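Single-letter residue listing:
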Amino acid sequence: MTVLDHRHHTAVPGWLPGATAPRTDPSPLLPDPAPVRVLGTPALEKCDPALLRELYRRLVVGRRYNQQATTLTKQGRLAVYPASTGQEACQVAAALVLGERDWLFPSYRDTLAVVSRGVDPLEALTLLRGNAHTGYDPRASRTAPLCTPLATQGPHAVGLAHAARLSGEPVVALAMLGDGGTSEGDFHEALNFAAVLQAPVVFLVQNNGYAISVPLSAQSAAPTLAHKAVGYGMPGRLVDGNDAPAVHGVLAEAVERARTGGGPTLVEALTYRVEAHTNADDATRYRTETEVAAWREHDPIALMERALRELGVLDDALVQGAAEEAEALAARMRAEFHADPELDPMSLFAHVYAEPTQQLREQAARLAEELAAEAEVQH
């Protein structure tokens, strides 16, 4: 159902005709009263066993990736790392649900989603290493650069999705945001344009409870963030963000709806970041260990392994294989990050604008002079 196509608006009983009447019945847009869950419910038996095993494998590898990247930060190999530990179900499901021609628009915390999409870890972490604006080719990977300003990737996703639709390409864009990003004007603009244009885009909000140290209660008085979708005229979905098959299922429905002309969807995934905001953050100043411990009991990997073992689709061999793959990835990351890269400072001025501005050309010329003078002194 295309919820915002003005040609298919239906009259709402009890309302007078005219501009003040609601444009469509809001009830189909409302999220379910409780988050969608699959693990621990009869719905799990209907899932594809191969998909469940793949989700588990990616969760295990993703957790080890997060751990190793955090360690690299402590060793000074990364300038900063916003870990997605505890949020891996959202990360791997977002990457797995997209087709080869679809686009992913990640935030700075979504490097695991980028790696799960097929980008090499060294390239995915180049920005956070401080070596370049981005370390991978967005066109080749169909993955936009990691976005550090909050929510600015939202309008970009809408623009690309709308352009793809105009050109007749069956492309869907998936934008990943945090709960803090929903407080930004870019979030409003993205959702409003997406709904008005019926752009094939999916917004995944990973609600981990805090925008750095600011709790969600200090950001929004909405019943849920998914309810915000109704105000824009798109469906809102609420899902348990630590339930990997549930996240995958909800996102798959949203992607298919977008691809077939149904317009955008806002998905809120309830999850929790177990680690601090970044290595520069002291999370003990704004949350308790009791709270963190409670969420550790709802760990996405533990939930998945327990449920799949009970279902009979996961055995010791598969668990061991996933663990070995994870360790191999961690070892490769250690080896690759141990070497200091050869950097060209002048590359910072490339790919900023199609046509460099006068100010940028002046800055580049000034840096070139400084580098030449430094080289002359060294020789």
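Residues numbered from 1 in each chain as written. Predicted model: local features only at pLDDT ≥ 70, side-chain atom pairs only at ≥ 80, totals over all residues. Heavy atoms only, no water.

Visitor: Which residues make up the side chain of asparagine 207, and what are the values?
Guide: Along the chain, asparagine 207 turns up in strand β3 (residues 201-207). Among the polar contacts made by the side chain of asparagine 207, one reaches the main-chain amide nitrogen of glycine 209 at a distance of 3.0 Å. Sequence-distant contacts of asparagine 207, defined by excluding residues within four places in its chain, comprise Asp179, Leu216, Leu225, Glu268, Ala269, Leu270 and Thr271. (Helix = DSSP H or I, 4+ residues; strand = E, 2+ residues; numbered from the N terminus. Polar contact = N/O pair within 3.5 Å; in protein donor to acceptor, adjacent residues only side chain to side chain. Contact = heavy atoms within 4.5 Å.)

Visitor: With reference to specific residues and values, describe the UniProt feature "domain: Dehydrogenase E1 component" (unreviewed entry) in the protein.
Guide: Here the UniProt feature "domain: Dehydrogenase E1 component" (unreviewed entry) sits at residues 59-331. The distance separating the terminal C-alpha atoms of residues 59-331 is 18 Å; by composition the span is 47% helix and 11% strand. (UniProt positions renumbered as here; feature names shortened; annotations may be inferred.)

Visitor: So what about the nonpolar core? Which residues, and what values?
Guide: Soluble globular proteins: nonpolar side chains tend toward being buried together. In this structure, Tyr56, Leu125, Leu174, Leu251 and Met304 are the most contacted members of the largest nonpolar core, which totals 63 residues. Discounting residues that sit within four places of it in the chain, leucine 174 has contacts with Ala94, Val97, Leu98, Trp103, Leu104, Phe105, Val202, Leu204 and Leu251. By size, the runner-up hydrophobic cluster in this structure holds 26 residues, among which are Phe105, Ala195, Phe203 and Val205. (Core = buried A, V, L, I, M, F, W, Y, C linked by side-chain atoms within 4.5 Å. Buried < 20%, exposed > 50% of the residue type's maximum accessible area, 1.4 Å probe, protein only.)

Visitor: Describe the state of the cysteines, listing the residues and the values that go with them.
Guide: Scanning the entire structure with this criterion turns up zero disulfides. Not engaged in a disulfide, the cysteine cysteine 47 finds its nearest cysteine sulfur in cysteine 90; these two sulfurs lie 16 Å apart. For cysteine 147, which is in no disulfide, the shortest distance to another cysteine sulfur is to cysteine 90 and amounts to 18 Å. (Disulfide = S-S within 2.5 Å.)

Visitor: Any details on the pairing of strand β6 (residues 236-240)? Residues and values, ideally.
Guide: Summarising burial for β6: five of the five residues are buried, a large majority. The alternating pattern of β6 places Gly236, Leu238 and Asp240 on one face and Arg237 and Val239 on the opposite face, and all of these are buried. Regarding the hand of the β-α-β motif, the stretch spanning β6, helix α10 (residues 244-259) and strand β7 (residues 265-270) is right-handed. (Right-handed = clockwise from strand over helix to strand, strands pointing away.)

Visitor: Pulling in residues and values, what's your account of the pattern of salt bridges?
Guide: By the definition in use, this model includes 15 salt bridges. A salt bridge links arginine 57 to glutamate 325, with the shortest nitrogen-to-oxygen separation between them at 2.5 Å. Here arginine 57 is found in helix α1 (residues 49-74), whereas its partner glutamate 325 is found in helix α13 (residues 316-338), with 268 residues between them in sequence. Relative accessible area serves as the criterion here: at 26%, arginine 57 is assigned to the partly exposed category. Arginine 64 is the salt-bridge partner of glutamate 327, the closest N and O atoms lying 2.8 Å from each other. On the criterion of sequence distance, the pair formed by glutamate 327 in helix α13 and arginine 64 in helix α1 is long-range, its members being 263 residues apart. (Salt bridge = Lys/Arg side-chain N within 4 Å of Asp/Glu carboxyl O.)

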